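Listed here are the chains, written in short residue letters.
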Amino acid sequence: MAPWARQSSGGGVVAALIAASSLLTCLGDGERTFASLLKGITGVGPLRHPVPGPINVNAGYHIPGRSMDGYAGDLLSGCVTQALADARLDLAEHRVVAIVGTGLRELAAVEQGNLTDPERLHFGQSVPGIAEVMTIANACSAGGHALALAQDMVETGEADAVVVGAADVMTASMLAMIGRVAEQPSDQVRPFDKDRPGVLLGEGAAAVVVVGENWAGPKLAKLLYTGLSCDAFHETAPDINGICRAIDEAYARSGRHPRDTDLVLAHGTGTALNDPTECEALRRSVIAYGGNPLITGIKGAVGHMSGGAALANVDVALRCMSGGEVPAVAGLREVLPEGADLNIVKDAPATHAPKLIQLNAFGFGGVNAVTLLESA
Amino acid sequence: MKPITVTGWSVHLPGTDGACPPEQANTLLGRKGLLMKEPATRLALCAVHRALNMGTGERKDGPADPGTAVVASSNLGNVETVVDVVATVAADGGKAVSPMVAPNASSNVLSGTVAQWFKFGGPNLMLCSGRDSGAHALRLGALLLRSGRANRVIVVGAEPSDPVADRLYAKPLRAGAACLVLEHSDHGVSFSQAREHARGIAQTWGDCYGAQDIISVALAVSALHQEQPA
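Residues numbered from 1 in each chain as written. Chains lettered and ligands numbered in written order. Predicted model: local features only at pLDDT ≥ 70, side-chain atom pairs only at ≥ 80, totals over all residues.

**Description of the nonpolar core**
In step 1: With 221 residues, the main nonpolar core has Val100, Val209 and Val210 of chain A together with Ala44 and Val114 of chain B as its most contacted residues.
In step 2: The biggest single contributor to this core is helix H9 (residues 309-323) of chain A, with 10 residues.
In step 3: Residues from two domains meet in this core; each of domain 1 (16-211) and domain 2 (222-375) of chain A gives at least three.
In step 4: Discounting residues that sit within four places of it in the chain, Val100 of chain A has contacts with Leu76, Phe123, Val127, Val133, Met134, Thr135, Ile136, Ala146, Gly165, Ala166 and Ala167 of chain A. (Core = buried A, V, L, I, M, F, W, Y, C linked by C-beta atoms within 7 Å. Buried ≥ 20, exposed ≤ 12 C-beta atoms within 10 Å, placed from the backbone. Helix = DSSP H or I, 4+ residues; strand = E, 2+ residues; numbered from the N terminus. Domains from an automatic or database assignment. Contact = placed C-beta atoms within 7 Å.)

Now the structure itself:
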């Protein structure tokens with residue numbers, strides 16, 4: 001065990017548990033999303049989000065039928081309600097806090113001129129039944145940061161249970177920025193592809209119920225640890241040192257070894273910078289220690305869900321554990337040279353029931369969250 | 001375990017005690033790197049700079065310090081940018097938008113910029129919880145110390161006052177920022193005592209929304225520090 005691994009009062013390494021998980025993507029709920037992932041179905045389609053002029057983005061991953069002036073919080077409410085019911089968590093009996101991760105908050109409503117109450121910019125009114133709702137706007141790794149804090153709260157006794165939520169729709173301003181730096185409009189997110197055309201946004205929400213190790217209700221997996229770091233290097237470009245610090249911390253503090261990892265659910269945004277950097281980080285912090293995990297990513301199928309990306313990975317990871325199949329990377333044609341030596345799942349699902357899974361989430365501002373899940 | 005104490009603090013309310021307005025942040029921070037930085041981000045940088053007792057124009061260099069975390073609170077820092085970008089696209093198309101503005105489209109630009117500017121490599125959190133945002137930042141700052149994720153936490157709150165933010169807030173908004181440096185230490189002012197004392201502080205400076213609670217605690221620290229025996 002790493003020298004700084006945490007000790008519970010009983011002498012063992014403490015861990016939190018995941019009691020329930022609920023997901024909504026362009027492909028449907030968690031079950032439908034996973035079924036589509038296994039079939040290689042992608043939810044990409046024409047961009048429906050209203051933009052006031054040409055922006056060099058013409059595709060997106062939209063939830064079918066969603067009104068383009070709806071709130072992200074409406075997506076979140078449904079996921080939270082489902083997760084609370086699945087966890088059989090009695091809000092009157094337990095001290096429960098909600099932490100919601102988001103990239104773009106309700107800024108779409110600000111852009112559209114619909115938002116007149118500043119207290120609707122965050123998700124305080126979108127988590128039914130819970131009074132204390134913290135909104136953490138940590139870009140594309142917001143959900144991972146919320147998971148980390150949820151575990152800390154449960155382990156320090158600040159809360160009996162934490163509802164970790166995430167929600168994002170698109171903003172015209174972020175779409176404009178994506179289009180501004182793209183050479184050609186991207187047709188699909190193609191993680192780890194040699195000729196990846198760049199990122200596209202995906203609408204969605206998710207909710208996970210995090211509880212302590214003495215929880216008597218349903219247990220889907222152990223939430224071992226989420227390593228957090230900030231590159232403090234560049235506003236938008238990833239930095240391998242910052243990423244590796246988050247990975248290394250997750251293993252060190254959970255007392256697990258990278259050689260035992262069965263699967264990595266990668267951040268895999270299909271951008272010029274992320275994918276080679278992520279491959280090198282996996283080589284440096286996992287492969288170099290004897291690990292050779294399967295590597296997959298879901299953004300080719302559901303788009304980049306921004307704050308929801310990390311929790312979407314959690315839901316998919318839980319289904320890989322229970323179902324014994326790992327989906328291939330949707331949209332991947334030929335693996336990028338920097339990843340040629342990695343075990344990236346391509347073309348068809350891999351038959352494997354992973355026990356120890358690493359989930360990567362990196363965001364603007366150099367904020368990294370790397371989560372380790374283990375079968376309960 | 002030593003108690004959580006406040007080992008550095010500042011209140012940066014432009015127009016008060018010589019605090020510079022955001023457009024003159026260069027007079028405190030130095031000129032380089034401020035281009036395209038939003039007013040709330042500039043105010044946050046000024047507050048952190050002062051809480052760390054850095055000299056005029058002084059910069060941190062070297063590798064990032066993984067032991068120092070940032071917990072920031074702001075709600076309206078980037079709303080003007082977001083609205084401006086949409087207006088630019090409407091008027092002249094996406095190509096007219098400066099890529100230099102790109103980081104400001106993300107709601108965590110303030111916390112990320114503080115980390116990059118001062119080389120804070122620990123956990124980095126951007127709270128945007130509305131009125132409760134400052135209180136949440138204070139709570140999570142202490143949590144990061146208790147859970148061992150950091151040995152020093154920079155809690156910083158900042159809000160701007162600009163036409164878009166003012167219109168959205170629909171009440172008089174005071175631009176300002178404050179910073180608290182939290183550590184497990186025998187020195188400094190007790191954090192729990194400062195939070196308690198802050199409840200009794202009359203908020204005479206105006207309404208800084210997501211920065212308000214952090215300003216109150218920073219003022220409480222200042223008052224308690226003056227009472228402490230030398």
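**Examining the confidence of the model for chain B**
Parts of the prediction with low pLDDT should not have their coordinates interpreted in detail.
In step 1: When pLDDT is averaged along chain B, the result is 96; 100% of the residues meet or exceed 70.
In step 2: In the predicted complex, the global pTM is 0.97; the interface-specific ipTM is 0.97. (pLDDT = per-residue confidence, 0-100.)

**Brief notes about the domain arrangement of chain A**
How big an interface is tends to be stated in terms of the accessible area lost upon association of its parts.
Residues and elements named next belong to chain A.
In step 1: What the domain assignment reports for chain A is domain 1 (16-211) and domain 2 (222-375).
In step 2: Centre-to-centre separation of domain 1 and domain 2, based on C-alpha positions: 19 Å.
In step 3: Taken together, the contact between domain 1 and domain 2 spans 58 residues of the former and 55 residues of the latter.
In step 4: Among the elements of the structure, strand E1 (16-25), helix H1 (30-39), helix H4 (142-155), strand E7 (161-168) and strand E8 (204-211) are those that each provide at least two residues to the side of domain 1 that touches domain 2.
In step 5: For the side of domain 1 that touches domain 2, the class distribution of residues is 31 nonpolar, 22 polar and 5 charged. (Nonpolar A, V, L, I, M, F, W, Y, C, P; charged D, E, K, R; others polar.)

**So, the environment of His145 of chain A**
In step 1: Tracing the backbone shows His145 of chain A in helix H4.
In step 2: By C-beta crowding, His145 of chain A is classed as buried, having 31 other C-beta atoms within 10 Å.
In step 3: In this structure the C-alpha to C-alpha distance between His145 of chain A and Ser173 of chain A, which are 28 residues apart in sequence, comes to 24 Å.
In step 4: With residues up to four places along the chain from it excluded, the contact list for His145 of chain A reads Gly101, Ile136, Asn138, Leu228, Val367 and Ala369 of chain A together with Leu125 of chain B.

**With respect to unusual backbone geometry**
In step 1: One non-glycine residue, Ala232 of chain A, lies in positive phi territory at about 50 degrees.
In step 2: Inspection of the secondary structure puts Ala232 of chain A in the loop between strand E9 (221-230) and helix H6 (240-254).
In step 3: With 28 C-beta atoms packed within 10 Å, Ala232 of chain A lands in the buried category.
In step 4: Of note, the phi angle at Asn53 of chain B is positive, near 55 degrees, even though the residue is not glycine.
In step 5: The class of Asn53 of chain B is exposed, set by 10 C-beta atoms lying within 10 Å.

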